[in-house]
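Observations on the model geometry
Below, each chain spelled out in residue letters.
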Amino acid sequence: MSVSFSHFSAPFLNDRPISGGFSTVARSLPVVANNIHSVTGGRFVLYGGSAKICQRFYGLKLWLFERLSPKHFNRKREILNESKIIKNQDKDQAGSHLETSLSNEGRDSEGVSAISVPNVSVGETRETTSHIQTHLSSFPVEGGGRAPSLCIAVIGATGELARRKIFPALFALYYSGFLPENVGIVGYSRKNLTDEDLRSIIAATLTCRIDHQESCGDKMDAFLSRTYYLNGGYNNREGMLKLSALMEHIEGGSKANRIFYLSVPQEALLDVASSLADSAQTQKGWNRIIIEKPFGFDAPSSHRLTKALLSKFEEKQLYRIDHLLGRNLFENLTVLRFSNLIFEPLWSRTYIRSVQVILSEEMGVQSGRYFDGYGIIRDIVHSHILQTIALLAMEPPISLDGEDIRNEKVKVLRSIRKLEPSNVILGQYKATAGDKVDVSLNSLTPTYFAAAMYIDNARWDGVPFLIKAGMGLIKHRVEIRIQFRHVPGNIYREHLGHNINLATNELILRDVPDEAILVRVNNKIPGLSLQLDASELNLLYKDKYNVEVPDSYEHLLLDVIDGDNHLFMRSDALTAAWNILTPVLQEMDKNHIVPELYELGGRGPVGAYYLWAKHGVQWIED
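What you see is a predicted model; the values in this text were computed from it and never measured. (Residues numbered from 1 in each chain as written. Predicted model: local features only at pLDDT ≥ 70, side-chain atom pairs only at ≥ 80, totals over all residues. Heavy atoms only, no water.)

1. Describing the overall build of the protein
Which entries qualify depends on this criterion: For the purposes of this entry, the term helix denotes a DSSP run of H or I that reaches at least four residues, the term strand denotes a run of E that reaches at least two, and both are numbered from the N terminus. Here's how the labels work: a residue is buried when its accessible area is under 20% of the maximum for its type, exposed when over 50%, partly exposed in between, all with a 1.4 Å probe on protein chains only. By definition in these notes, contact holds between two residues if any of their heavy atoms fall within 4.5 Å. What sets the accessible areas is the Shrake-Rupley method with a 1.4 Å probe; for residues, cover comes only from the shown protein chains.
Per the secondary structure count, the protein includes 17 helices and 18 strands. Within the protein, buried positions represent 53% of all 622 residues. The long-range fraction of contacts in the protein, counting pairs at least 24 apart against all pairs at least 6 apart in sequence, stands at 76%. Per element, the accessible surface of the protein, about 28400 Å² overall, is 52% carbon and sulfur.

2. A few points about the sheet that holds strand β6 (residues 227-231)
The criterion, for reference: Strands qualify as paired when DSSP identifies two bridges or more between them. To get an axis, a line is fitted to the C-alpha atoms, and for a helix only the part in contact is used. The angle between two axes follows their N-to-C directions and goes from 0 to 180 degrees.
With parallel pairing, the 6 strands of this open sheet are ordered in space as β6-β5-β4-β7-β8-β9. The open sheet is flanked by β6 and β9 (318-321), the only strands paired with a single partner. Ignoring strand direction, the axes of neighbouring strands in this sheet form an average angle of 20°. Here 5 bridges tie strand β4 (residues 150-155) to strand β5 (residues 184-189), and the two strands are oriented parallel to one another. Note on β5: the bridge partner recorded for C151 is G184. Helix α5 (residues 160-175) rests against β4, β5, β7 (257-262) and β8 (287-292) of the sheet, and its axis sits at about 170° to β4. Here helix α9 (residues 266-279) sits on the sheet and contacts β4, β7 and β8; the angle it forms with β7, its principal contact strand, is near 160°.

3. Concerning the sheet that holds strand β18 (residues 596-599)
Overall, mixed pairing links the 9 strands, which are arranged β17-β16-β15-β14-β10-β13-β12-β11-β18 in an open sheet. The open sheet has two free edges, formed respectively by β17 (532-540) and β18, since each of these has just one partner strand. Looking at each pair of strands side by side, their axes are set apart by 20° on average, direction ignored. Strand direction decides the pairing type here: strand β11 (residues 424-430) and β18, joined by 4 bridges, are parallel. Residue K430 lies in a different strand from β18, and its bridge partner there is E599.

4. Re a nonpolar patch on the surface
To keep it simple, the criterion reads: A patch consists of residues whose relative accessible area exceeds 30% and which take part in no salt bridge; residues with like charges are grouped when within 9 Å of each other, and nonpolar side chains (Val, Leu, Ile, Met, Phe, Trp, Tyr) when within 5 Å. For this document, the term salt bridge refers to a Lys or Arg side-chain nitrogen within 4 Å of an Asp or Glu carboxyl oxygen.
Together, I491, Y492 and L530 line one region of the surface with nonpolar side chains, adding up to about 320 Å² of accessible area. Structurally, Y492 is set in the loop between β14 (477-484) and β15 (506-512). What makes Y492 partly exposed here is its relative accessible area of 37%.

5. So, the environment of R493
Tracing the chain through its elements places R493 in the loop between β14 and β15. The sequence separation of R493 and A503 amounts to 10 residues, and the corresponding C-alpha distance is 9.5 Å.

6. Topic: the packing of aromatic side chains
Condition: By convention, a stacked pair of Phe, Tyr or Trp rings (six-membered ring in the case of Trp) has centres within 6.5 Å and planes under 30 degrees apart, an edge-to-face pair has planes over 60 apart, and any other such pair is tilted. The rule is short: NZ of Lys or CZ of Arg within 6 Å of the ring centre and within 35 degrees of the ring normal puts a charge over the ring.
Within the structure shown, the criterion is met by 7 aromatic pairs. The interplanar angle of 55° and the centroid separation of 5.6 Å between the aromatic rings of Y174 and F223 together place this pair among those described as tilted. You can see Y174 sitting in helix α5 and its partner F223 sitting in helix α7 (residues 217-225), a full 49 residues away along the chain. With respect to burial, Y174 and F223 carry one shared label: buried. A network of ring pairs unites the aromatic residues F171, Y174, Y175 and F223 as a single cluster. The side chain of R288 reaches across the aromatic face of W286, ending 3.6 Å from its centre.

7. A look at the nonpolar core
The criterion, for reference: Here, the term nonpolar core denotes a set of buried Ala, Val, Leu, Ile, Met, Phe, Trp, Tyr and Cys residues that are joined through side-chain atoms within 4.5 Å.
In this structure, L170, L243, L262, F449, M453 and F465 are the most contacted members of the largest nonpolar core, which totals 128 residues. Among the elements that take part in this core, helix α12 (residues 368-393) stands out by supplying 11 residues, more than any other. When sequence neighbours within four positions are dropped, the list of residues in contact with F449 reads I376, I377, V381, L419, V424, I425, L426, I467, K468 and A469.

8. Concerning the side chain of R510
Rules: Here a polar contact is taken to be a pair of N or O atoms separated by no more than 3.5 Å, where protein atoms must pair a possible hydrogen donor with a possible acceptor and residues adjacent in sequence count only if both atoms sit in side chains.
Here R510 lies in strand β15. In this structure the side chain of R510 is engaged in a polar contact, spanning 2.9 Å, whose partner is the side chain of E479. For R510, the residues in contact, after removing those within four places along its chain, are L329, V478, E479, R481, E515, A516 and L518.

Shown next, in the form of structure tokens:
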């Protein structure tokens, strides 16, 4: 008996979506020279025709085998998915369906391609895929060679954050070898730009600061050639379909992971995230989503946001980024504690008298539209300050695994006592139109926050954690000061001067202006008299290490790529942080707490000095 393969075909059921497991796949096998396309379970599965008799016989064999032996369905489907050797030769017969083989200069497209789409009507599917097909014809993939193992989409690619921070950080990682040589990077926004337009915008912000001895011009050109632009339009659902198709095209059908950086306004976050979840996630690797702070306006809004995100993504996919936590200072917190015997035994209420966390900015850097809605509590304190305290005060984790560290951080946040308004000082800078800061703040927007917090657990009971965070202050400073208790029965008390507080041992971790680790100790001044002085043992990073300190975005983006989430807030940490701050926010809403005005470029509200004195802590200005 002879079989004519060229005349064998399987029906498509009038373009209606068909289901039924392996029988669906069998109807799509390349047993003829024509392209056969099917829609299964909300996914397009596209196979090209085959020119080889063995491939056509293999397809018929699987189809007959399934009909005769359904119990082997799963195994045969796995074999089919693994055999990515079928070439697409009959593109002209694809009709209005999306083609697997896209215009790819210099090489053939191989394998089976699948693009996820939401469950929509057949008519809507045809219209959308037709748009995608037309759109992708203008995207030649440069660089050739093997397909990338990582695709990164920057949603909101024309915004200031993307231009000034995200793309330069990605280039620095690419130049340093932390990204695959053939990585694919897609800039997504609503502006009508071309690939070259985006590349010109990005090129203006890229520098070769990492290695001044070696020209990075070739690397920069290679990086830009791997960068593409997509105008997503105002319909995020259709835009994400286009984005997924473009990323599939860049990936070339190979297994690839995807990162989506959502650099979008808070009001657009949920719509973008929902559309992304439905239409742009890969089925061939992991998907990770980066979200910028603030993470909600208050506890209820944060809860709604978290609930919506977790209905679309798993917790392990979400990376809530706070760029301040990417600084080397905060990575050093755990290293100093857990790898140095001289510090770990002292790390408790027995020896530590107080802890100060200080963050001051010289100028107001936030826009009125954004900052006037959130203020420094929601923007800085909720994420950065509380996460710093959690890293500083947590118990030793069982390992360096991100989840183990986050488990310990959450325990600290849950142990922090709810803030009492009497332990909080709010301030707002006074600015005029002549100052180079935003003056469009209403009377309730705090630009300064000082507070005394207490952790109610065995390690830290009674130790005040004093916070000072402000904008428009006299100097830019980011540091942590850990003040130790006085020496009991100090026999040198009479030789320490009139203020014994100045002779207290301190551990100072400084990030700005100069990154350093300082230990303040008491020592004798050289000479015949017995006179003591408080001096600093200084580890200044710029003197000790002749290395370029990476930007915080580089550090955090690399953590996302590596799947290291210990510096990113988990959903339960968000809830715990809001529980601490909610009493103060409620009092602000009732106008029971009004920010104290302070001079722009000054030292902040006077009330903060009294707050430090109330808790028995020396106010340090230098």
